[in-house]
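Listed below, chain by chain, are the residues.
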Amino acid sequence: MKRILRFIRNTIKWIVVAFFASTILSVVALRFFPVYFTPLMFIRCYQQLQEGKDLKLAHHWVPLERISPNLPKAVMASEDANFLKHHGFDYKAIEHAVKRNREHPKKRKLGASTISQQTAKNVFLWPGRSWVRKGFEVYFTTLIELMWTKQRIMEVYLNSIEMGEGIYGADAVAEEHFNTEAVNLSKAQCALIAATLPNPRVFSSKRPSAYMLKRQSRILREMSFVPAFPQ
């Protein structure tokens, strides 16, 4: 019995060691290398095949300097105004979201995920709302905030985030929806792209609804109060 318990303890110990070693090494490696594929990309491809749709995966990695400087400002205005100030988690936004969701339980749940959290989720995890996935998200968010610069987090975020059906990243959406490159996106186009991010498979920057144009106008106004993103 003691031998079995010792074996179980040793197995658990090595599983834990392997987990921390592999995840830390992955985060260190992706500090320097482009992120060409993410778990979400493979999941969406599988879903397309399951639904009988044509397979689509548009994604081109480009460095941050080849992305319009208006796009970081637009996503900060839309998603995370305190991105340059916090260390991965916006506690005031979390407190506000919890209070609002408690007071208005029948309305759509308000989230408080930062750009860092969304980057961690996009690159290392799967979509979902379980506490287990949320725990992993907190772990990977902490790692990238410790090991990556804000510029690197933004670069990976803008290259990996879903921006339409089968479209991932700034350069792909620029080509697919605006027939241009990410570096040439206008301020208005960047605001429109940012306006889709709550649900880019429902909201389209190519064929914006009146609601989307209203969100675009709000983001354009708020961009005036967002500092220029440091390159």
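Residues numbered from 1 in each chain as written. Predicted model: local features only at pLDDT ≥ 70, side-chain atom pairs only at ≥ 80, totals over all residues. Heavy atoms only, no water.

*Asks:* Describe the nonpolar core, listing the residues and the values that go with them.
*Replies:* Ranked by size, the top nonpolar core spans 51 residues in total, and within it Leu71, Val75, Phe124 and Met154 carry the most contacts. Where this core is concerned, the elements lending two or more residues are helix H3 (70–79), helix H5 (115–124), helix H6 (131–147), helix H7 (150–160), helix H8 (170–178), helix H9 (187–196) and helix H10 (210–223). If near-sequence neighbours (up to four positions away) are discounted, leucine 71 is found in contact with Leu158, Ala170, Leu185, Cys190 and Ile193. (Core = buried A, V, L, I, M, F, W, Y, C linked by side-chain atoms within 4.5 Å. Buried < 20%, exposed > 50% of the residue type's maximum accessible area, 1.4 Å probe, protein only. Helix = DSSP H or I, 4+ residues; strand = E, 2+ residues; numbered from the N terminus. Contact = heavy atoms within 4.5 Å.)

*Asks:* Talk me through a nonpolar patch on the surface; I want residue IDs and the actual numbers.
*Replies:* A cluster of nonpolar side chains, contributed by Met1, Ile4, Leu5, Phe7, Ile8, Ile12, Val16, Phe20, Ile24, Val28, Phe32 and Phe33, occupies part of the molecular surface with about 1200 Å² of accessible area. Of note, isoleucine 24 is situated in helix H1 (residues 2–29). (Patch = residues over 30% accessible without salt bridge, like charges linked within 9 Å, V, L, I, M, F, W, Y side chains within 5 Å. Areas by Shrake-Rupley, 256 points an atom, 1.4 Å probe, with all protein chains shown as cover. Salt bridge = Lys/Arg side-chain N within 4 Å of Asp/Glu carboxyl O.)

*Asks:* Outline the pattern of salt bridges, supporting the account with residue identities and numerical values.
*Replies:* According to the stated counting rule, one finds 11 salt bridges in the structure shown. The salt bridge partner of arginine 201 is glutamate 165, with a shortest N-O separation of 3.5 Å. You can see arginine 201 sitting in the loop between H9 and H10 and its partner glutamate 165 sitting in the loop between strand E2 (162–164) and strand E3 (167–168), a full 36 residues away along the chain. Judged by relative accessible area, arginine 201 falls into the partly exposed class, the value being 33%. Classification of glutamate 165 by relative accessible area gives partly exposed; the value is 31%. A salt bridge links glutamate 222 to arginine 218, with the nearest nitrogen and oxygen atoms 3.0 Å apart. Taken together, the positions of glutamate 222 and arginine 218, both in helix H10 and four residues apart, correspond to about one turn of that helix. Look at glutamate 222 and you get partly exposed, because its relative accessible area is 30%. Overlapping salt bridges bring together Arg44, Glu162, Glu165 and Arg201 as one network.

*Asks:* Lay out the packing of H3 against H7 in plain terms, naming residues and giving numbers.
*Replies:* Packed helices, taken two at a time, are described by their axes: the angle between them and the distance between them. Contact pair H3 / H7: the axes reach a minimum separation of 11 Å and the direction vectors enclose 85°. Taken as axis vectors, H3 and H7 run roughly perpendicular relative to one another. In this structure, H3 uses Leu71, Pro72, Val75, Met76 and Glu79 to contact H7, whose residues at the interface are Met154, Tyr157 and Leu158. (Axes fitted to C-alpha atoms, helices over the stretch in contact; angles between N-to-C directions. Parallel < 35°, antiparallel > 145°, perpendicular 65-115°, else oblique.)

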